[in-house]
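Listed below are the residues making up each chain.
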Amino acid sequence: MGFKPPSEKNDMNVLITSGGTTERIDTVRSISNMSTGSLGSMVADRFSGESSIEKIFYICGMSAIRPLSERVAVKPVDSVANLESVVRETLGSSDIDIIIHAMAVSDYRARSVMSADSLAGSIVSNLGKLMGLDGSAASSAVLELLKSHESAISLEGKISSDMDGILLFMERTPKIIALFHELSPRSMLIGFKLLDNVPLDALMDAGYKLLIQNKCSFVLANDLRDISDKQHTGYLIDKEKNYTRHSSKAEIAAAIVAAAINERTKVS
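Description of the structure in this document. Every value quoted in this text rests on a predicted model; they were computed, and no experiment measured them.

Remarks on the overall build of the chain
Part 1: Summing up its helical and strand segments, the chain has 8 helices and 12 strands in all.
Part 2: Across the 268 residues that make up the chain, the buried fraction comes to 44%.
Part 3: For the chain, the share of sequence-separated contacts (at least 6 apart) that also reach a separation of at least 24 residues comes to 68%.

Details of the packing of aromatic side chains
Part 1: Overall, the coordinates contain 1 aromatic pair when judged by the stated rule.
Part 2: Judged by centre distance (5.7 Å) and plane angle (80 degrees), the ring pair of Y235 and Y243 falls under edge-to-face.
Part 3: Taking the relative accessible area as the measure of exposure, Y235 reaches 10% and is therefore buried.
Part 4: Overall, the relative accessible area of 41% leaves Y243 in the partly exposed class.

Some thoughts on helix α7 (residues 200–213)
Part 1: With 14 residues, α7 extends 20 Å from end C-alpha to end C-alpha; this agrees with the ideal 20 Å at 1.5 Å per step.
Part 2: Turning to α7, the residues buried within the fold contact α6 (177–183), β9 (188–195), β10 (218–223), β11 (234–237) and β12 (243–246).
Part 3: A positive phi of about 55 degrees marks K215, the residue just after α7.

Examining the layout of surface pockets
Part 1: Each pocket or cavity is described by its volume, and for the largest pocket that value is around 1,400 Å³.
Part 2: As for the largest pocket, its lining consists of 42 residues, and the residues nearest its centre are S35, A102, M103, A104 and L194.
Part 3: Residue assignment for the lining of the largest pocket shows that the elements contributing at least two residues are α1 (38–48), β9 and α7.
Part 4: Looking at the lining of the largest pocket residue by residue, the classes come out as 16 nonpolar, 18 polar and 8 charged.

Cut-offs and rules
- Residues numbered from 1 in each chain as written.
- Predicted model: local features only at pLDDT ≥ 70, side-chain atom pairs only at ≥ 80, totals over all residues.
- Heavy atoms only, no water.
- Helix = DSSP H or I, 4+ residues; strand = E, 2+ residues; numbered from the N terminus.
- Buried < 20%, exposed > 50% of the residue type's maximum accessible area, 1.4 Å probe, protein only.
- Contact = heavy atoms within 4.5 Å.
- Phe/Tyr/Trp six-rings, centres within 6.5 Å; stacked < 30°, edge-to-face > 60°.
- Expected span 1.5 Å × (residues − 1).
- 1 Å grid on protein atoms, 1.4 Å probe; cavity = no way out; pocket = protein on both sides within 12 Å on 5 of 7 lines; lining within 4 Å.
- Points joined across faces, edges and corners; volume = space filled by probe spheres on them.
- Nonpolar A, V, L, I, M, F, W, Y, C, P; charged D, E, K, R; others polar.

In structure tokens, the structure reads:
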């Protein structure tokens, strides 16, 4: 048998997140986003055609488009908490060389629900006390009222459809992209940044900021106004803040895979 150069070995493992997360409001309702996972699935299929890739793990939302390749191991998730658990398990059990974090992760999740009538009643019953406070103290007092009544309706049951006013209290979710370098510092990371209707300079600045903060090798920045069924414009930004423009999902997927493999090969 002849010697096979390292660059031709099937020894690189890839982790891709794709689609969107879903956060439960009650036992029958939830909040999600519009991400379909189509770009992430194209990236996975593109990696599957590369001889240098051995394993591909595809963590995706429940309704996300799945890759066509049978080489891809699909791991569906729903909530951000579920996503974090699967990311930790995958990075803890497998040696990952390349991470493509394309998933649209919910920034907030439901903490509690209460009725508007309940809140109004609490404010009225404490009106005398509130009127005797200055603006800052009154605001703090109202927040305390909210905290003391926000669990009036449990998220564990179904919210009645007969209620006229519902107040939904949200809390921040963990930043999943920040976990990757912590859990797998040797992995090469590509992040995604989506904004809506901003100047190109602002999009580049936001994408580069994400790259620096999370120790990414590249960030794919795109503007919602440039995404439709017929087009998808994206800008692949590198560590020097140089970027290349790509005008379709197929072009973006090819650019991401080429950049990832080239960068990972350089540091191997």
